[in-house]
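Close look at the chain arrangement
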Amino acid sequence: MSAVTENDGPGSTGGSGTRRAGRRPVTSRSEIEHIALEMFSDQGFENTTVDDVAHAAGIGRRTFFRYFASKNDIAWGAFDEQLVGMRAVLAAQPPDLPTLEGVRRAVLEFNHVEPAEQPWHRRRLRLILQTPALQAHSTLRYASWREVVADHVAERRGEASSGLVPQSVGHACLGVCIAAYERWLADDTAALADLLDEVLRSLQRGWATELP
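Residues numbered from 1 in each chain as written. Predicted model: local features only at pLDDT ≥ 70, side-chain atom pairs only at ≥ 80, totals over all residues. Heavy atoms only, no water.

**Structural notes on the nonpolar core**
Within the largest apolar cluster, 59 residues are counted, with the highest numbers of intra-cluster contacts made by Met-1, Met-86, Trp-145, Val-169 and Tyr-181. Where this core is concerned, the elements lending two or more residues are helix H1 (29-43), helix H2 (50-57), helix H4 (79-91), helix H5 (99-110), helix H6 (118-130), helix H7 (135-157), helix H8 (164-186) and helix H9 (192-207). Top contributing element to this core by residue count: H8, with eleven residues. Setting aside anything within four residues of it in sequence, one finds Val-169 in contact with Leu-100, Val-149, Val-153, Trp-207 and Leu-211. (Core = buried A, V, L, I, M, F, W, Y, C linked by side-chain atoms within 4.5 Å. Buried < 20%, exposed > 50% of the residue type's maximum accessible area, 1.4 Å probe, protein only. Helix = DSSP H or I, 4+ residues; strand = E, 2+ residues; numbered from the N terminus. Contact = heavy atoms within 4.5 Å.)

Here it is as C-alpha coordinates:
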(Lines give C-alpha, C1' and ligand atoms only; values in the text may rest on other atoms or scores of the structure.)
Protein backbone atom coordinates (compact mmCIF):
# COMPACT_ATOMS: atom_id res chain seq x y z
CA MET A 1 0.00 0.00 0.00
CA SER A 2 1.16 3.42 -0.88
CA ALA A 3 0.00 6.71 -2.32
CA VAL A 4 2.49 9.06 -3.91
CA THR A 5 1.80 12.22 -5.83
CA GLU A 6 2.38 13.41 -9.33
CA ASN A 7 5.50 15.47 -10.05
CA ASP A 8 5.33 18.96 -8.56
CA GLY A 9 4.47 21.92 -10.72
CA PRO A 10 5.30 25.56 -10.15
CA GLY A 11 3.60 27.63 -7.48
CA SER A 12 5.24 26.44 -4.24
CA THR A 13 3.62 27.33 -0.95
CA GLY A 14 7.01 27.95 0.63
CA GLY A 15 6.11 25.66 3.55
CA SER A 16 3.51 28.01 5.01
CA GLY A 17 0.34 26.13 4.01
CA THR A 18 -0.92 29.31 2.34
CA ARG A 19 -0.13 30.49 -1.14
CA ARG A 20 2.40 33.33 -1.26
CA ALA A 21 1.06 36.75 -2.15
CA GLY A 22 1.32 37.48 -5.84
CA ARG A 23 1.65 33.83 -6.86
CA ARG A 24 -0.85 32.37 -9.28
CA PRO A 25 -3.24 29.61 -8.12
CA VAL A 26 -1.71 26.15 -8.01
CA THR A 27 -2.30 24.02 -11.07
CA SER A 28 -1.40 20.43 -10.18
CA ARG A 29 -2.85 17.79 -7.91
CA SER A 30 0.47 17.32 -6.12
CA GLU A 31 0.61 21.00 -5.17
CA ILE A 32 -2.87 20.83 -3.70
CA GLU A 33 -1.94 17.65 -1.84
CA HIS A 34 1.14 19.26 -0.31
CA ILE A 35 -0.84 22.29 0.84
CA ALA A 36 -3.55 20.08 2.31
CA LEU A 37 -1.11 17.71 4.04
CA GLU A 38 0.63 20.64 5.67
CA MET A 39 -2.67 22.07 6.83
CA PHE A 40 -3.80 18.70 8.19
CA SER A 41 -0.53 18.44 10.15
CA ASP A 42 -0.78 21.98 11.51
CA GLN A 43 -4.46 22.24 12.42
CA GLY A 44 -5.83 18.69 12.25
CA PHE A 45 -7.68 16.78 9.56
CA GLU A 46 -11.14 17.30 11.03
CA ASN A 47 -10.52 21.00 11.57
CA THR A 48 -9.55 21.60 7.94
CA THR A 49 -12.32 21.97 5.37
CA VAL A 50 -12.35 21.69 1.61
CA ASP A 51 -12.91 25.44 1.50
CA ASP A 52 -9.81 25.97 3.66
CA VAL A 53 -7.66 23.92 1.29
CA ALA A 54 -9.11 25.57 -1.81
CA HIS A 55 -8.54 29.03 -0.37
CA ALA A 56 -4.93 28.25 0.58
CA ALA A 57 -4.34 26.90 -2.93
CA GLY A 58 -5.98 29.89 -4.59
CA ILE A 59 -8.60 27.77 -6.35
CA GLY A 60 -12.38 27.38 -6.16
CA ARG A 61 -14.36 24.42 -4.83
CA ARG A 62 -15.24 23.35 -8.36
CA THR A 63 -11.55 23.13 -9.28
CA PHE A 64 -10.80 21.21 -6.07
CA PHE A 65 -13.43 18.60 -6.93
CA ARG A 66 -11.95 18.12 -10.38
CA TYR A 67 -8.92 16.64 -8.63
CA PHE A 68 -10.48 14.92 -5.61
CA ALA A 69 -13.86 13.32 -4.99
CA SER A 70 -13.70 14.32 -1.31
CA LYS A 71 -11.35 15.61 1.38
CA ASN A 72 -10.68 12.00 2.37
CA ASP A 73 -9.21 11.27 -1.06
CA ILE A 74 -6.41 13.82 -0.66
CA ALA A 75 -4.48 11.50 1.64
CA TRP A 76 -4.41 8.73 -0.97
CA GLY A 77 -2.92 10.74 -3.83
CA ALA A 78 -2.75 8.80 -7.09
CA PHE A 79 -3.68 5.52 -5.40
CA ASP A 80 -6.12 4.31 -8.06
CA GLU A 81 -3.65 4.97 -10.87
CA GLN A 82 -0.95 3.19 -8.90
CA LEU A 83 -3.17 0.14 -8.47
CA VAL A 84 -3.58 -0.04 -12.24
CA GLY A 85 0.21 0.06 -12.52
CA MET A 86 0.58 -2.65 -9.88
CA ARG A 87 -1.75 -4.95 -11.81
CA ALA A 88 0.33 -4.38 -14.92
CA VAL A 89 3.57 -5.17 -13.09
CA LEU A 90 2.11 -8.39 -11.71
CA ALA A 91 0.77 -9.41 -15.12
CA ALA A 92 4.23 -8.90 -16.63
CA GLN A 93 6.03 -11.25 -14.21
CA PRO A 94 7.64 -14.31 -15.85
CA PRO A 95 5.45 -17.43 -15.50
CA ASP A 96 8.28 -19.38 -13.89
CA LEU A 97 8.84 -16.76 -11.18
CA PRO A 98 7.53 -17.82 -7.76
CA THR A 99 4.20 -16.15 -7.05
CA LEU A 100 5.24 -14.26 -3.94
CA GLU A 101 8.48 -13.10 -5.52
CA GLY A 102 6.38 -11.43 -8.19
CA VAL A 103 4.19 -9.89 -5.51
CA ARG A 104 7.24 -8.65 -3.62
CA ARG A 105 8.62 -6.95 -6.72
CA ALA A 106 5.27 -5.35 -7.55
CA VAL A 107 4.72 -4.10 -4.01
CA LEU A 108 8.20 -2.58 -3.85
CA GLU A 109 7.60 -0.79 -7.13
CA PHE A 110 4.17 0.36 -5.94
CA ASN A 111 5.81 1.85 -2.86
CA HIS A 112 8.72 3.55 -4.61
CA VAL A 113 8.92 7.17 -3.51
CA GLU A 114 11.40 9.70 -4.84
CA PRO A 115 13.70 11.21 -2.16
CA ALA A 116 12.17 14.69 -2.48
CA GLU A 117 8.72 13.25 -1.82
CA GLN A 118 9.71 11.21 1.25
CA PRO A 119 8.82 13.88 3.85
CA TRP A 120 5.39 14.33 2.28
CA HIS A 121 4.92 10.59 2.12
CA ARG A 122 5.55 10.36 5.87
CA ARG A 123 2.84 12.95 6.46
CA ARG A 124 0.53 11.04 4.13
CA LEU A 125 1.00 7.68 5.83
CA ARG A 126 0.77 9.19 9.30
CA LEU A 127 -2.52 10.76 8.30
CA ILE A 128 -3.89 7.52 6.84
CA LEU A 129 -2.80 5.30 9.71
CA GLN A 130 -3.46 7.62 12.64
CA THR A 131 -6.61 9.59 11.76
CA PRO A 132 -9.81 7.94 13.07
CA ALA A 133 -11.97 9.97 10.68
CA LEU A 134 -10.23 8.28 7.73
CA GLN A 135 -10.54 4.67 8.89
CA ALA A 136 -13.79 3.83 7.08
CA HIS A 137 -12.44 5.33 3.86
CA SER A 138 -9.15 3.48 4.37
CA THR A 139 -10.98 0.16 4.65
CA LEU A 140 -12.28 0.58 1.09
CA ARG A 141 -8.81 1.42 -0.20
CA TYR A 142 -7.26 -1.54 1.59
CA ALA A 143 -9.86 -3.85 0.05
CA SER A 144 -8.96 -2.60 -3.45
CA TRP A 145 -5.26 -3.20 -2.77
CA ARG A 146 -5.86 -6.72 -1.44
CA GLU A 147 -7.99 -7.51 -4.48
CA VAL A 148 -5.07 -6.81 -6.82
CA VAL A 149 -2.86 -9.26 -4.91
CA ALA A 150 -5.62 -11.87 -4.57
CA ASP A 151 -6.43 -11.72 -8.29
CA HIS A 152 -2.80 -12.36 -9.19
CA VAL A 153 -2.44 -15.27 -6.76
CA ALA A 154 -5.71 -16.78 -7.98
CA GLU A 155 -4.62 -16.58 -11.60
CA ARG A 156 -1.34 -18.32 -10.78
CA ARG A 157 -3.19 -21.05 -8.87
CA GLY A 158 -5.99 -21.44 -11.41
CA GLU A 159 -8.80 -20.70 -8.99
CA ALA A 160 -11.26 -17.95 -8.09
CA SER A 161 -9.88 -14.86 -6.40
CA SER A 162 -12.49 -15.36 -3.69
CA GLY A 163 -10.70 -18.57 -2.68
CA LEU A 164 -9.23 -18.89 0.79
CA VAL A 165 -5.57 -18.90 -0.21
CA PRO A 166 -5.70 -15.89 -2.60
CA GLN A 167 -7.67 -13.91 -0.03
CA SER A 168 -5.31 -14.96 2.75
CA VAL A 169 -2.27 -13.87 0.77
CA GLY A 170 -3.90 -10.51 0.05
CA HIS A 171 -4.62 -9.95 3.73
CA ALA A 172 -1.17 -11.17 4.79
CA CYS A 173 0.65 -8.92 2.33
CA LEU A 174 -1.34 -5.89 3.42
CA GLY A 175 -0.72 -6.73 7.07
CA VAL A 176 3.05 -6.92 6.78
CA CYS A 177 3.13 -3.76 4.67
CA ILE A 178 1.20 -1.84 7.31
CA ALA A 179 3.64 -3.12 9.94
CA ALA A 180 6.51 -1.80 7.80
CA TYR A 181 4.80 1.58 7.36
CA GLU A 182 4.28 1.90 11.10
CA ARG A 183 7.92 1.06 11.81
CA TRP A 184 9.02 3.62 9.22
CA LEU A 185 6.91 6.32 10.84
CA ALA A 186 8.43 5.51 14.22
CA ASP A 187 12.04 5.48 12.99
CA ASP A 188 13.32 8.46 10.99
CA THR A 189 16.54 6.58 10.16
CA ALA A 190 14.80 3.60 8.53
CA ALA A 191 14.36 3.16 4.79
CA LEU A 192 10.82 2.22 3.78
CA ALA A 193 11.98 0.06 0.88
CA ASP A 194 14.26 -1.96 3.18
CA LEU A 195 11.51 -2.54 5.72
CA LEU A 196 9.05 -3.66 3.05
CA ASP A 197 11.62 -5.93 1.46
CA GLU A 198 12.38 -7.54 4.83
CA VAL A 199 8.78 -8.31 5.77
CA LEU A 200 7.80 -9.48 2.29
CA ARG A 201 10.76 -11.87 2.13
CA SER A 202 9.75 -13.19 5.53
CA LEU A 203 6.25 -13.76 4.21
CA GLN A 204 7.66 -15.58 1.19
CA ARG A 205 9.51 -18.02 3.43
CA GLY A 206 6.32 -18.73 5.34
CA TRP A 207 4.30 -19.53 2.19
CA ALA A 208 7.10 -21.33 0.36
CA THR A 209 5.50 -24.79 0.44
CA GLU A 210 2.01 -23.55 -0.46
CA LEU A 211 2.62 -21.29 -3.46
CA PRO A 212 4.55 -22.22 -6.63
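**Focus: the pattern of salt bridges**
Under the criterion given, the structure shown has 14 salt bridges. Arg-29 is the salt-bridge partner of Glu-33, the closest N and O atoms lying 3.8 Å from each other. Taken together, the residues Glu-33 and Arg-29, both in helix H1 and four residues apart, mark about one turn of the helix. The two residues Glu-33 and Arg-29 agree in class, both being buried. One salt bridge in this structure joins Glu-117 and Arg-124, with 3.9 Å as the shortest N-O distance. Per residue, the accessibility class of Glu-117 equals that of Arg-124, and both read buried. Salt bridges linked by common partners bring Arg-29, Glu-33, Glu-81, Glu-117 and Arg-124 together as one network. (Salt bridge = Lys/Arg side-chain N within 4 Å of Asp/Glu carboxyl O.)

**Details of the confidence of the model for the protein chain**
Within the protein chain, residue pLDDT values average 88, and 87% of them lie at 70 or more. Confidence, expressed as mean pLDDT per element, reaches its minimum in the protein chain at H9 with 93 and its maximum at H8 with 97. Within the model, the stretch residues 5-23 combines pLDDT values under 50 with 41 contacts to residues more than four positions away or in other chains. (pLDDT = per-residue confidence, 0-100.)

**Side note on H2**
Where H2 is concerned, the buried positions are Val-50, Val-53, Ala-54, Ala-56 and Ala-57. The buried residues of H2 occupy an angular sector of 165 degrees when projected down its axis, which confines them to one face. On its buried side, H2 packs onto H1 and helix H3 (61-67). (Arc of directions from axis to C-beta.)

**Let's talk about the environment of Ala-180**
Residue position: Ala-180 is located in helix H8. Residue Ala-180 is classed as buried on the basis of its relative accessible area, which comes to 2%. Between the C-alpha atom of Ala-180 and that of Leu-195, which follows or precedes it by 15 residues, the distance is 5.5 Å. With residues near it in sequence (within four places) discarded, Ala-180 still touches Leu-192, Leu-195, Leu-196 and Val-199.

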